[in-house]
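Residue-level structural notes
So you can see what is in the structure, the chains are spelled out below.
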Amino acid sequence: MVDSLKKPGFEEMRPGVKVPSKETLLTPRFYTTDFDEMARMDISVNEDELRAILEEFRVDYNRHHFVRDAQFEKSWDSIDGETRQLFVEFLERSCTAEFSGFLLYKELGRRLKDKSPLLAECFNLMSRDEARHAGFLNKAMSDFNLSLDLGFLTKSRSYTFFKPKFIFYATYLSEKIGYWRYITIYRHLESHPEDRIYPIFNFFENWCQDENRHGDFFDAIMRAQPQMLNDWKAKLWSRFFLLSVFATMYLNDIQRKDFYASLGLDAREYDIHVIKKTNETAGRVFPLMLDVENPEFYQRLDVCVKNNEKLTAISNSGTPKFLQFFQKAPIYLSHGWQLLKLYLMKPIDAVPAHGQAR
Ligand SMILES: [Fe+2]
Ligand SMILES: [Fe+2]
């Protein structure tokens, strides 16, 4: 018998094991890359900085951090109804994203072991961190009587192939945006203890320092490959990755604004803050930043949010599929147009600030 209070609306593969949510453009991605190309990379121009980062990873500041203490030892049935559903979804998305980092870094550690030992050890130590993060989130899901079968996820998910340089842009940004997401939630709850409805957020302060260090590692690796940062292609690609990371987060979070509301956060303000901070951080290594202070930026993203709502309504309408196609086509066009206009917005040159930031 399924207790609808404890397991609201989720399908299970086995008792207590949640069917992973469907892969879409907005769900966390799993990556693979050209391991040989990565092994051939010459990192000597920035080797000292990479060695210093490796030393930090070895210290393992969070060795004793991820321990489920007495705060967790109670029933969480007080978080019920839609909030419970949103909680489980948040934990699943976060766990999947952390686990995707674990898999990629683990594989890189394994494949680079003999050819590029410095990078291999960095990747292994980052995979150690991500395994802890994913495991901690999966344990948290079990407070809501569900968990993910990570072995099943490994085998069943599709993997996106990215050449090494695109892996670096994407993982750098996801680590840094992860840092800003976690620290912003942590700081908010620090000043609003009444909104602390579940203890996992109390762990975010030290946790996000792992993500910050991971981000610094990718920053250092890109500096070791200056051609990834300083030609016209680098400018186009960094714009592309900044926009896709920001837009994906914004569309996801606004759709789940009730989750953020349960923590006393306004999803839109939260995202605007995280985007602003991540954009500034990225400007220390990327040749440019996006003009996220321009109101047009969020106006266009808000059109995309509305489009998403319309698409979901059409999908749930019961209209025959071929008719849905004609209803959806103009919305996809509008979506594409907004994203194109966003991409073409004049970026901000970050190079003049690089000297000062370092
Ligand atoms: Fe992580
Ligand atoms: Fe990380």
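Residues numbered from 1 in each chain as written. Chains lettered and ligands numbered in written order. Predicted model: local features only at pLDDT ≥ 70, side-chain atom pairs only at ≥ 80, totals over all residues. Heavy atoms only, no water.

When you go through the protein residue by residue, the secondary structure sums to 13 helices and 6 strands. On C-alpha atoms alone, the protein measures out to a radius of gyration of 21 Å, which is about the 21 Å that the 2.2 N^0.38 rule sets for 358 residues. Along the first, second and third principal axes, the C-alpha set of the protein runs to 60 × 50 × 40 Å. A total of 358 residues make up the protein; the buried ones form 51% of that total. For the protein, long-range pairs separated by at least 24 residues make up 83% of all intrachain contacts whose partners lie at least 6 apart in sequence. Of the roughly 17,200 Å² of accessible surface on the protein, 55% is carried by carbon and sulfur atoms. Put simply, the protein has 49 plus and 51 minus side-chain charges, and the middle of one group is 4 Å from the middle of the other. (Helix = DSSP H or I, 4+ residues; strand = E, 2+ residues; numbered from the N terminus. Rg over C-alpha atoms; globule rule 2.2 N^0.38 Å. Buried < 20%, exposed > 50% of the residue type's maximum accessible area, 1.4 Å probe, protein only. Contact = heavy atoms within 4.5 Å. Areas by Shrake-Rupley, 256 points an atom, 1.4 Å probe, with all protein chains shown as cover. Lys, Arg positive; Asp, Glu negative; His and termini not counted. Charge placed at Lys NZ, Arg CZ, Asp CG, Glu CD.)

Of the residues in the protein, 97% have a pLDDT of 70 or more, and the chain-wide mean is 94. Overall, residues 1–7 carries pLDDT values under 50, and its contacts beyond four positions in sequence, including any with other chains, amount to 10 contacts. (pLDDT = per-residue confidence, 0-100.)

Around the iron ion (ligand 2), the protein contributes the donor atoms Glu130 (OE), Glu175 (OE), Glu175 (OE), Glu211 (OE) and His214 (ND1), which lie 2.0 to 2.5 Å from the metal centre. Each donor residue of the iron ion (ligand 2) lies on one chain, and together they are spaced E-x44-E-x35-E-x2-H. Between the two metal centres, the iron ion (ligand 2) and the iron ion (ligand 1), the spacing is 3.4 Å, with glutamate 130 acting as a shared donor. Of this pair, glutamate 175 sits in helix H6 (residues 164–191) while histidine 214 sits in helix H7 (residues 204–224), placing them 39 residues apart in sequence. Both residues of the pair, glutamate 175 and histidine 214, belong to the buried class. (Donors = N, O, S within 2.8 Å, 3.2 Å for Na, K, Ca; no water.)

A separate point is the UniProt feature "domain: Rubrerythrin diiron-binding" (unreviewed entry) in the protein. In the numbering adopted here, UniProt assigns the feature "domain: Rubrerythrin diiron-binding" (unreviewed entry) to residues 89–221. In residues 89–221, the share of helix is 77% and the share of strand is 2%. The end C-alpha atoms are 33 Å apart. (UniProt positions renumbered as here; feature names shortened; annotations may be inferred.)

This part is about helix H12 (residues 321–344). At 3.6 residues per turn, the α-helix brings residues three or four places apart onto the same side. In a regular helix each residue adds 1.5 Å, so 24 residues correspond to 34 Å; H12 covers 34 Å between its end C-alpha atoms and thus fits that length. The sharpest bend along H12 comes to roughly 35 degrees, located at lysine 328, with the proline proline 330 sitting one to four residues further on. For H12, the complete set of buried residues consists of Gln324, Lys328, Ile331, His335, Gln338 and Leu342. Packing partners of the buried residues in H12 comprise helix H8 (232–255) and helix H11 (295–315). (Expected span 1.5 Å × (residues − 1). Bend = angle between axes of the 7 residues up to and from the residue.)

It is worth spelling out the coordination of the iron ion (ligand 1) at this point. Here the iron ion (ligand 1) is held by Glu98 (OE), Glu130 (OE), His133 (ND1) and Glu211 (OE), and the distances to it run 1.9 to 2.2 Å. Bound by 4 donor atoms, the iron ion (ligand 1) shows angles of 87 to 153 degrees at the metal and therefore irregular coordination geometry. (Tetrahedral: all angles 85-135°; square planar, octahedral: opposite > 155°, others 65-115°.)

One way to put it is that helix H4 (residues 117–142) packs onto H7 with a least axis distance of 11 Å and a crossing angle of 150 degrees. As summarised for this structure, H4 and H7 are arranged roughly antiparallel, according to the angle between their axes. Every pair of crossing elements has a handedness; the one defined by H4 and H7 is left-handed. Of the residues in H7, those in contact with Leu119, Cys122, Phe123, Met126, Asp129, Glu130, His133, Phe136 and Leu137 of H4 are Trp207, Asp210, Glu211, His214, Phe217, Phe218 and Ile221. Of the residues assigned to the contact of H4 with H7, the class counts are 10 nonpolar, 2 polar and 4 charged. (Axes fitted to C-alpha atoms, helices over the stretch in contact; angles between N-to-C directions. Parallel < 35°, antiparallel > 145°, perpendicular 65-115°, else oblique. Left-handed = near helix turned anticlockwise from the far one by under 90°. Nonpolar A, V, L, I, M, F, W, Y, C, P; charged D, E, K, R; others polar.)

So, about the nonpolar core. Within the largest apolar cluster, 109 residues are counted, with the highest numbers of intra-cluster contacts made by Phe123, Tyr198, Phe201, Phe217, Phe286 and Phe297. With 15 residues, the single largest contributor to this core is H6. Both domains that furnish three or more residues to this core are identified here as domain 1 (16–66 + 78–227) and domain 2 (291–348). Dropping the residues within four chain positions of it, phenylalanine 201 is found in contact with Phe87, Phe90, Ile185, Tyr186, Leu189, Phe259 and Leu263. (Core = buried A, V, L, I, M, F, W, Y, C linked by side-chain atoms within 4.5 Å. Domains from an automatic or database assignment.)

In this structure the tally under the stated criterion is 47 aromatic pairs. Ring geometry for phenylalanine 259 and tyrosine 260: centres 5.0 Å apart, planes at 85 degrees, overall edge-to-face. Of the two residues examined, phenylalanine 259 and tyrosine 260, each falls in the buried class. Lying over the aromatic face of phenylalanine 72, arginine 68 brings its terminal NZ or CZ to 4.5 Å of the ring centre. Residue placement shows arginine 239 over the ring face of tyrosine 343; its charged tip is 5.1 Å from the ring centre. (Phe/Tyr/Trp six-rings, centres within 6.5 Å; stacked < 30°, edge-to-face > 60°. Lys NZ or Arg CZ within 6 Å of the ring centre and 35° of its normal.)

Examined against the element boundaries, phenylalanine 246 turns out to sit in helix H8. Exposure remark for phenylalanine 246: the relative accessible area of 0% places this residue in the buried category. Placed 30 residues apart in sequence, phenylalanine 246 and lysine 276 show a C-alpha to C-alpha distance of 9.7 Å. With residues up to four places along the chain from it excluded, the contact list for phenylalanine 246 reads Ile177, Ile275, Thr278, Asn279, Leu290, Val292 and Phe297.

Turning next to the environment of lysine 233. When you line up the elements, lysine 233 lands in helix H8. Taking the relative accessible area as the measure of exposure, lysine 233 reaches 37% and is therefore partly exposed. Between the alpha carbons of lysine 233 and leucine 146 there is a distance of 44 Å; along the sequence they are 87 residues apart.

This next bit is on the pattern of salt bridges. Side chains carrying opposite charge are able to pair once their charged atoms draw close together. One pass over the full model with this rule turns up 28 salt bridges. Notably, a salt bridge pairs glutamate 92 with lysine 18, separated by 2.7 Å at the nearest N-O pair. Here the residue glutamate 92 occupies a position in helix H3 (residues 81–112), and lysine 18 occupies one in strand E2 (residues 17–18), the gap between them amounting to 74 residues. Residue glutamate 92 is classed as buried on the basis of its relative accessible area of 3%. Residue classification places lysine 18 among the buried residues on the basis of a relative accessible area of 4%. (Salt bridge = Lys/Arg side-chain N within 4 Å of Asp/Glu carboxyl O.)

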